[in-house]
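Here is how the chains run, residue by residue.
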Amino acid sequence: MKAREFNPLRLDVQAFIQDEAALQGQWPLASLSRLAEEAHSDAPAGDQPVDWSAAGKQVPRRGGEPELWMHLRAHTRISLECQRCLKPVEAELEVERDFRFVADERLAAEVDADSEEDVLAISRSLNLQELVEDELILALPLVPRHEVCPAPLQASTDPESLAPEADAPGEKKNPFAVLAQLKNKKPS
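A brief structural summary. Here the structure is a predicted model, which is why all the values come from computation and not from measurement. (Residues numbered from 1 in each chain as written. Predicted model: local features only at pLDDT ≥ 70, side-chain atom pairs only at ≥ 80, totals over all residues. Heavy atoms only, no water.)

**Here we look at the overall build of the protein**
Assigned secondary structure in the protein consists of 5 helices and 5 strands. Its helices and strands in sequence order give the protein the pattern α-β-α-β-β-β-α-β-α-α, from N to C terminus. Put simply, 60% of the contacts in the protein that link residues at least 6 apart link residues at least 24 apart. Surface exposure of the protein reaches about 13500 Å², of which carbon and sulfur atoms provide 50%. (Helix = DSSP H or I, 4+ residues; strand = E, 2+ residues; numbered from the N terminus. Contact = heavy atoms within 4.5 Å. Areas by Shrake-Rupley, 256 points an atom, 1.4 Å probe, with all protein chains shown as cover.)

**A look at the sheet that holds strand S4 (residues 88–102)**
With mixed pairing, the 5 strands of this open sheet are ordered in space as S1-S2-S3-S4-S5. With one partner strand each, in any of the chains shown, strand S1 (22–28) and strand S5 (118–121) form the two edges of the open sheet. For this sheet, the mean inter-axis angle between neighbouring strands, taken without regard to orientation, is 30 degrees. Strand direction decides the pairing type here: S4 and S5, joined by 4 bridges, are parallel. (Pairing = 2+ DSSP bridges. Axes fitted to C-alpha atoms, helices over the stretch in contact; angles between N-to-C directions.)

**So, the pattern of salt bridges**
Applying the stated criterion to the full structure yields 12 salt bridges. Here Arg4 and Asp19 are joined by a salt bridge, their closest N and O atoms 2.9 Å apart. Taken together, the positions of Arg4 in the segment before helix H1 (13–18) and Asp19 in the loop between H1 and S1 put the pair 15 residues apart, joining distant regions of the chain. A relative accessible area of 47% places Arg4 in the partly exposed class. Overall, the relative accessible area of 34% leaves Asp19 in the partly exposed class. Between Arg106 and Glu110 there is a salt bridge; the shortest N-O distance is 2.6 Å. Of this pair, Arg106 and Glu110 both sit in helix H3 (residues 105–114), 4 residues apart, roughly one helical turn. (Salt bridge = Lys/Arg side-chain N within 4 Å of Asp/Glu carboxyl O. Buried < 20%, exposed > 50% of the residue type's maximum accessible area, 1.4 Å probe, protein only.)

**As for the environment of Glu20**
On the secondary structure map, Glu20 appears in the loop between H1 and S1. Once the C-alpha coordinates of Glu20 and Gly56 are considered, the two residues, 36 residues apart in sequence, prove to be 4.6 Å apart. Those residues in contact with Glu20, other than ones at most four positions away along the chain, are Gly56, Lys57 and Gln58.

**So, the nonpolar core**
Inside soluble globular proteins, nonpolar side chains tend to come together where they are buried. Core analysis: the largest hydrophobic core is formed by 37 residues, its most contacted members being Phe16, Ile78, Leu128, Val132 and Leu136. Those elements that provide at least two residues to this core are H1, S1, strand S2 (49–61), strand S3 (64–81), S4 and helix H4 (128–138). If near-sequence neighbours (up to four positions away) are discounted, Val132 is found in contact with Trp27, Leu32, Val50, Trp52, Leu72 and Ala74. Core analysis: the second largest hydrophobic core is formed by 5 residues, Val102, Ala108, Val119 and Ala121 among them. (Core = buried A, V, L, I, M, F, W, Y, C linked by side-chain atoms within 4.5 Å.)

**As for a nonpolar patch on the surface**
A surface patch of nonpolar side chains, amounting to about 440 Å² of accessible area, comprises Phe176, Val178, Leu179 and Leu182. Checked against the element boundaries, Phe176 lands in the loop between H4 and helix H5 (177–184). (Patch = residues over 30% accessible without salt bridge, like charges linked within 9 Å, V, L, I, M, F, W, Y side chains within 5 Å.)

**As for the pairing of S4**
Relative to S4, S3 runs antiparallel, the two being bridged by 14 bridges. Paired with His71 across the bridge in S4 is Asp98. Between S3 and S4, which follow one another and run antiparallel, lie 6 residues, and Leu86 among them has a positive phi close to 65 degrees.

**Quick notes on the packing of aromatic side chains**
Considering all chains together, one arrives at 2 aromatic pairs under this definition. Between Phe6 and Phe16, the ring centres sit 5.4 Å apart and the planes meet at 85 degrees, which makes this aromatic pair edge-to-face. One end of the pair, Phe6, is in the segment before H1; the other, Phe16, is in helix H1, with 10 residues separating them in the sequence. With relative accessibility at 0%, the residue Phe16 sits in the buried group. Arranged with centres 4.5 Å apart and planes meeting at 15 degrees, the rings of Trp27 and Trp52 form a pair that is stacked. Taken together, the positions of Trp27 in strand S1 and Trp52 in strand S2 put the pair 25 residues apart, joining distant regions of the chain. With a relative accessible area of 12%, Trp27 lands in the buried category. (Phe/Tyr/Trp six-rings, centres within 6.5 Å; stacked < 30°, edge-to-face > 60°.)

As structure tokens, then:
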């Protein structure tokens, strides 16, 4: 019997899992447009590969139909903007997740609310590339930054960025002087 061919951009999830099939491949980071938008503007993101793999598995259940599971892995590197120095910082994104598939959206919402599993509704045309992209976006660091920034951070010397009441060098004002003035002011 000839093994079925599966298209990762229109994956028949039930058939994929029932065959306990596996897929793997590589997409250019630029083809995952929402993830590529996160890249630093000075970093070329187009050529960076996104390695991925997916495998279907049926898990037997007592007294019922087997559960349908998919194991997903993805890996890439992306240059993000360092939140300290604003220069590119390399981030390695690694995803490894298991998804349980159920008959419909209603059941998926019910099961998902009562368990720690990632539950999705079964689909005859799941776009695996979008699922990989979603998971990699979730894996992005909240605050990307270098361990040690490549260049020392510069303090701003722009006069407009300084406080309007900047004191003259050597002159130190009491921070409570404004409060004292308000206290001494007579009500009108």
